[in-house]
Amino acid sequence: MNPTELLDQFITEARECLENIGRRLLDVEKDPGNAELLNDLFRQVHTLKGNCGLFEFKALERVVHAGEDLLDRVRNGSLAYNADIADALLEAMDYTAELVDAIAAEG
């Protein structure tokens, strides 16, 4: 696979992850105590972060990493999931989508 194909695959997978994250955020909002939902949300964000790291998209990786850290604190019980956390995660993923769109447009 050449670099352009790899980048195209990254963009496609990042957008799919973001769609899954958005759906899962809504699910967690409805049932914030559901460990299975939180774990799945964490895995989706973790996967996206890892993919960002492969391409050294540092700004993108930092945003996603912050979301992952926040979710990890919720999962381990040191932080309770609430509307502010949900809003912060949604904003982070919206910004992530903007960065992915910029990468898609600029290569």
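Refer to the structure above for everything that follows.
I will try to describe carefully the structure that is included in this document. (Residues numbered from 1 in each chain as written. Predicted model: local features only at pLDDT ≥ 70, side-chain atom pairs only at ≥ 80, totals over all residues. Heavy atoms only, no water.)

### So, the side chain of Asn-51
(1) Moving on: Here Asn-51 is to be found in helix 2 (residues 35–55).
(2) Moving on: When its relative accessible area of 17% is taken as the criterion, Asn-51 is described as buried. (Helix = DSSP H or I, 4+ residues; strand = E, 2+ residues; numbered from the N terminus. Buried < 20%, exposed > 50% of the residue type's maximum accessible area, 1.4 Å probe, protein only.)

### Here's the deal with the nonpolar core
(1) Moving on: The biggest cluster of nonpolar side chains holds 32 residues, and the ones touching the most others in it are Phe-10, Leu-48, Leu-60 and Tyr-81.
(2) Moving on: Broken down by secondary-structure element, the contributors of at least two residues to this core are helix 1 (3–30), helix 2, helix 3 (58–75) and helix 4 (83–106).
(3) Moving on: Here the element with the most residues in this core is helix 1; it accounts for 9 residues. (Core = buried A, V, L, I, M, F, W, Y, C linked by side-chain atoms within 4.5 Å.)

### As for the packing of aromatic side chains
(1) Moving on: Scanning the model with the defined rule gives 3 aromatic pairs in all.
(2) Moving on: Where Phe-10 meets Phe-57, the ring centres are 5.3 Å apart and the plane angle is 45°; that geometry is what we call tilted. Placement of the pair is Phe-10 in helix 1 and Phe-57 in the loop between helix 2 and helix 3, with a sequence separation of 47 residues. The exposure classification of Phe-10 matches that of Phe-57, with both residues buried.
(3) Moving on: Put simply, the rings of Phe-10, Phe-55 and Phe-57 pair up and form one aromatic cluster.
(4) Moving on: Here the guanidinium or amino end of Arg-75 rests over the ring plane of Phe-42, the centre of that ring lying 3.7 Å away. (Phe/Tyr/Trp six-rings, centres within 6.5 Å; stacked < 30°, edge-to-face > 60°. Lys NZ or Arg CZ within 6 Å of the ring centre and 35° of its normal.)

### A few points about unusual backbone geometry
(1) Moving on: Positioned with a positive phi, Glu-56 is a non-glycine residue whose angle comes to about 55°.
(2) Moving on: Residue placement: Glu-56 occurs in the loop between helix 2 and helix 3.
(3) Moving on: Given a relative accessible area of 60%, Glu-56 falls into the exposed group.

### A short note on a negative patch on the surface
(1) Moving on: A cluster of like negative charges, contributed by Glu-29, Asp-84, Asp-87, Glu-91, Asp-94 and Glu-98, occupies part of the molecular surface.
(2) Moving on: For the negative patch, the element with the highest residue contribution is helix 4, accounting for 5 residues.
(3) Moving on: Along the chain, Glu-98 falls in helix 4. (Patch = residues over 30% accessible without salt bridge, like charges linked within 9 Å, V, L, I, M, F, W, Y side chains within 5 Å. Areas by Shrake-Rupley, 256 points an atom, 1.4 Å probe, with all protein chains shown as cover. Salt bridge = Lys/Arg side-chain N within 4 Å of Asp/Glu carboxyl O. Lys, Arg positive; Asp, Glu negative; His and termini not counted. Charge placed at Lys NZ, Arg CZ, Asp CG, Glu CD.)

### Regarding the side chain of Gln-44
(1) Moving on: With respect to the secondary-structure elements, Gln-44 resides in helix 2.
(2) Moving on: Here Gln-44 falls in the buried class, since its relative accessible area comes to 18%.
(3) Moving on: Other than its neighbours up to four places away in sequence, Gln-44 contacts Cys-17, Asn-20 and Ile-21. (Contact = heavy atoms within 4.5 Å.)

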